[in-house]
Amino acid sequence: KRNQILVVSDLHLTAGRNPKSGTWSPTEDFFWDEDFADFLAHYGARGGWTLVVNGDLFDFLQVLERPTAEECRVYGIPAGDRSRRYGLRATEQAAVFQLDRIAEGHPAAFRALAEFLASGNRVIILKGNHDVQLFWPAVQARLRDRLKESVSAKKRAAVRANLEILPWCFAIPGLLYCEHGNQYEAATSYAHFLH
């Protein structure tokens, strides 16, 4: 029975720790992968929990890594979407590249989320103003793939089945309403948040 709910928000995972050099991205805000893994393991082992991530799980704007020419070809990022001054444009292809950098920099957090899902728990992710890129189908698909890659093949179906990405809010009438809230502040709102 799914009647136990956890709500977290604003983790702001960016490029994390470089897997080759071991150095942290200078724009990283989240340094608690192991603590997050312990939190999910504590609750997740028994199953039946719903984790609501109430926006800004990721911070795409702070992923400053630029793709190489080969990566641009692989991800389908046109030259016009790269700027020396401003970095990558906010496009579906660029966001898939950025999500891969986030996953590579936070393997423990991705593995913990995947194990939580595989244990029969549910994860609902709401997009916020820093991860509005979760709107795009290719970004959602890549997130599912990266989570599934974090667990054994026999657990992957549960990961896929128990993950839901919602466009705005999550509600259980008479009990709970979750919304990131960026739409109520002019500086963080989008004219077409659902589009």
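Rules used in this analysis
- Starting afresh in each chain, residues are numbered from 1 along the sequence in its written order.
- Given that this is a predicted model, residues contribute local features only at a pLDDT of at least 70 and side-chain atom pairs are listed and counted only at 80 or more, while totals for whole chains, interfaces and linings are drawn from all residues.
- Only hydrogens and water are set aside; all other atoms, that is, all heavy atoms of the structure, feed into the side-chain values.
- Runs of H or I in DSSP of at least four residues are treated as helices and runs of E of at least two as strands, each being numbered from the N terminus.
- Under the scheme applied here, a residue whose accessible area is under 20% of the maximum for its type counts as buried, over 50% as exposed, and between as partly exposed, the area being computed with a 1.4 Å probe on protein chains only.
- Only strands joined by at least two bridges in the DSSP assignment are considered to pair.
- Simply put, an axis is a line fit to the C-alpha atoms, just over the touching stretch for a helix, and the angle between two N-to-C directions goes from 0 to 180 degrees.

**Student:** Help me get a handle on unusual backbone geometry, residues and values and all.
**Tutor:** In most cases, non-glycine residues show a negative phi, while peptide bonds are predominantly trans. Its identity as a non-glycine residue notwithstanding, Asp10 has a phi of 55 degrees, on the positive side. Relative to the helices and strands, Asp10 is located in the loop between strand 1 (4-8) and helix 1 (33-44). The partly exposed category is assigned to Asp10, whose relative accessible area is 36%. Backbone geometry places Asp56, a non-glycine residue, at a positive phi of 60 degrees. Looking at where Asp56 falls in the secondary structure, it is placed in the loop between strand 2 (49-54) and helix 2 (69-75). Take Asp56: its relative accessible area is 1%, and that puts it in the buried class.

**Student:** An account of the sheet that holds strand 2 is needed here, citing residue identities and associated values.
**Tutor:** If you walk across this open sheet you meet the four strands as 1-2-5-6, and the pairing is parallel. Both edges of this open sheet fall to strand 1 and strand 6 (163-166), since each of them pairs with a single strand only. This sheet shows a mean twist of 20 degrees between the axes of neighbouring strands, independent of strand direction.

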